[in-house]
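What the coordinates show
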Amino acid sequence: MDTNEHVIEVTDLRRVYGGGFEAVRGITFSVDRGEIFALLGTNGAGKTSTVELLEGLARPAGGRVRVLGHDPHGERASVRPRTGVMLQEGGFSSELTVAETARMWAGCVSDARPEQEALELVGLRRRAAVRVKQLSGGERRRLDLALALLGRPEVLFLDEPTTGLDAEGRRDTWELVRALRDAGTTVLLTTHYLEEAEGLADRLAILHEGRIAAAGTPAEVTARQPARISFRLPDGWFLGDLPPLAELGVCGHETDGDVVRLRTREPQRAATGLLTWAEGARVELRDLDMRSASLEEAFLRIAREQGVAA
């Protein structure tokens, strides 16, 4: 099996709704076999519109999309049996039990795995006899995932998979998604939890107003944002007493009383210069904290800057 095979290929993809609203504005990306790829973005960024095109639920207004080498809309019969879809909200019959729901769903899937196996994967086997209406919101999300896994999919689409789950349920779901990836399943997910994307995704794309604003590995996306250094100055010392910030490679700063916050794209240079100065001046930089940008910071900065540019 070629692990570098592009299982999902999207080229200049566009989606236009009635009235001329362009929800997806010419995006291009690919997803390799056995990879977890996350689509991020604020509400209205185009995530769901994009995923629906990948699932074959609509025809693109322009561009090209291929899933497993096929047009997911025009060649739906070739794609659908090999994919699993977990929607944001399932339309279950509230009177059926968990087992009955899985059994009914399995009847619509070719070569379905045993229902009890699917329920075991998501931690619902002990709840098999419980009616759907008695499940918690988190348990319903687990049932959504179990049904998406019934067909042993090669490609799995997860739309907000851990919404409503508690911390333990979210962690268990992450472990399951990683295990599926390790077994060769390609996973494309959307999520509002940036921690989830940072911890799960091999690569990601951040959408803003229908366009890709940033893409790459989580580390690559965050590396484009400045690192932060913060500390407290000793009594009687001020920002002006520091070496020229430009010489330290600092690209921005804020102060709040005796607290100084620096932003830099050269954290090693800035930290070395700052600590060398402090040693020479024989001062202690209290509460010294140095850290790279988080995905959340990168996301918020992109949203803010793109919003201003728009």
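Shown above is the structure to which this text applies.
Structural notes, computed from the coordinates. These numbers were taken from a predicted model, which means no experiment stands behind them.

**Here's the deal with the sheet that holds strand β13 (residues 286-291)**
Spatially, β11-β12-β10-β13 is the arrangement adopted by the four strands of the open sheet, whose pairing is antiparallel. Two strands in the sheet have a free side with no partner beyond their single neighbour: β11 (250-256) and β13. Between one strand axis and the next, the sheet turns through 10° on average, direction left out of account. Note: strand β10 (residues 227-232) against strand β12 (residues 259-264), six bridges, orientation antiparallel. By the bridge assignment, Ile229 is partnered in β12 with Leu262. Where helix α9 (residues 267-281) meets the sheet, its contacts fall on β10, β12 and β13, and the angle it forms with β10 comes to roughly 20°.

**Notes on the packing of aromatic side chains**
How two aromatic rings sit relative to each other is given by the distance of their centres and the angle of their planes. In this structure the tally under the stated criterion is two aromatic pairs. Their ring planes at 10° and their centres at 5.1 Å tell us that Phe29 and Phe37 sit as a pair that is stacked. With respect to burial, Phe29 and Phe37 carry one shared label: buried. With a centroid separation of 5.7 Å and 80° between ring planes, the pair formed by Trp237 and Trp277 is classed as edge-to-face. You can see Trp237 sitting in the loop between β10 and β11 and its partner Trp277 sitting in helix α9, a full 40 residues away along the chain.

**Looking at the pattern of salt bridges**
Counted according to the given criterion, the structure contains 20 salt bridges. A salt bridge links Arg203 to Glu35; its shortest N-O distance comes to 2.6 Å. With a gap of 168 residues between them, Arg203 in strand β8 (residues 203-208) and Glu35 in the loop between β2 (22-32) and β3 (36-41) connect regions that are remote in the sequence. The exposure class assigned to Arg203 is partly exposed, which follows from its relative accessible area of 24%. Classification of Glu35 as buried rests on a relative accessible area of 7%. We note a salt bridge from Asp289 to Arg291, for which the minimum N-O separation is 2.9 Å. Given a relative accessible area of 26%, Asp289 falls into the partly exposed group.

Rules of the game
- All chains use their own residue numbering, which begins from 1 and follows the written sequence.
- Side-chain atom pairs in this predicted model are given and counted only at pLDDT of 80 or more, local residue features only at pLDDT of at least 70, and totals for whole chains, interfaces and linings cover all residues.
- The side-chain numbers reported here are obtained from all heavy atoms of the structure, hydrogens and water having been left aside.
- The pairing criterion is simple: DSSP has to find at least two bridges between the two strands.
- Helix numbers and strand numbers start at the N terminus; a helix is a DSSP run of H or I with at least 4 residues, a strand a run of E with at least 2.
- The axes used here are C-alpha line fits, helices contributing only the stretch in contact, and every angle between their N-to-C directions lies in the interval 0 to 180 degrees.
- When checking whether two residues touch, look at their non-hydrogen atoms; a contact exists if any pair is within 4.5 Å.
- Only centres within 6.5 Å qualify two rings of Phe, Tyr or Trp (six-membered ring in Trp) as a pair; their planes then separate them into stacked at under 30 degrees, edge-to-face at over 60, and tilted for everything else.
- Using a 1.4 Å probe on the protein chains alone, a residue whose accessible area is under 20% of its type maximum counts as buried, one over 50% counts as exposed, and one in between counts as partly exposed.
- The salt bridge criterion pairs a side-chain nitrogen of Lys or Arg with a carboxyl oxygen of Asp or Glu, the two atoms within 4 Å.

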